[in-house]
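Fold and contact review
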Amino acid sequence: RNGIFGIRFLIIITMLGCVIPGQPVITEFRQVEASKFLLEVPNAVSIHEIVLFLQQPIPGEFVAAAYISLPPYASWNFLGSVSNEKPSTILKIPWSPDVVKSLTESGNPVTLQLGISFEAKGIQPPAAVVDDYQEFAKYIATDLFRFLESFSSAGDRINVPTSTLDKWYQKFLDKFHRNAFFWREPKP
């Protein structure tokens, strides 16, 4: 059976590899459409990163875009991509404490779906991804402004030493490393 690009199905399956911490390398993805593949990852709540890599070049001007879907599998979120120019990447899984709590309340193991879509290079990321980046940038700017504002004594001027910016940056990185999607959580 032929897959995308007129290449045999078996070649497409072995073109990609995936590493999930503590598990063997995965090279078999289930084909769900001509250019889309799926990997179901059981017991996924403890997984925070997945490595995706090419085992051989992608024919033509394409990238392998990775998406994730969490129960109830109603939507897909873009995680990243690999290409001939960038043959591997570490994909961060967007677990927030609220998501983990809601998924684990039933006591059943959580399975995530990792979708791979072969897409033409240069296609704009989905609007939801652009919106997320804009929201993230707004969060960063607002957080920095509030932090610096706390050092203001009076008036329109904020005078702070550069070490204060370093302190904010370190606090921001600490939050980011604990949960890369902390900024999506409801604000108090």
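Just above sits the structure.
So, here's what we can say about the structure. (Residues numbered from 1 in each chain as written. Predicted model: local features only at pLDDT ≥ 70, side-chain atom pairs only at ≥ 80, totals over all residues. Heavy atoms only, no water.)

**Some details on the side chain of glutamate 119**
Structurally, glutamate 119 is set in strand S8 (residues 112–120). Buried charged residue glutamate 119 carries no salt bridge. Nearest counter-charge: lysine 36, at 5.7 Å. A polar side-chain atom of glutamate 119 sits 2.9 Å from a polar atom in the side chain of tyrosine 67. Here glutamate 119 is in contact with Glu61, Phe62, Val63, Ala65 and Tyr67, once residues within four sequence places are set aside. (Helix = DSSP H or I, 4+ residues; strand = E, 2+ residues; numbered from the N terminus. Buried < 20%, exposed > 50% of the residue type's maximum accessible area, 1.4 Å probe, protein only. Lys, Arg positive; Asp, Glu negative; His and termini not counted. Salt bridge = Lys/Arg side-chain N within 4 Å of Asp/Glu carboxyl O. Polar contact = N/O pair within 3.5 Å; in protein donor to acceptor, adjacent residues only side chain to side chain. Contact = heavy atoms within 4.5 Å.)

**Regarding the pairing of strand S5 (residues 62–69)**
When you tally the buried positions in S5, you get seven out of eight residues, the bulk of the element. Bridge count for S5 against S8 is eight bridges, and the pairing is antiparallel. Bridge assignment links alanine 65 to a residue of S8, and that residue is serine 117. One ladder, built from five bridges, connects S5 with strand S6 (residues 77–82); its direction is antiparallel. Within S6, the residue paired with tyrosine 67 across the bridge is phenylalanine 78. (Pairing = 2+ DSSP bridges.)

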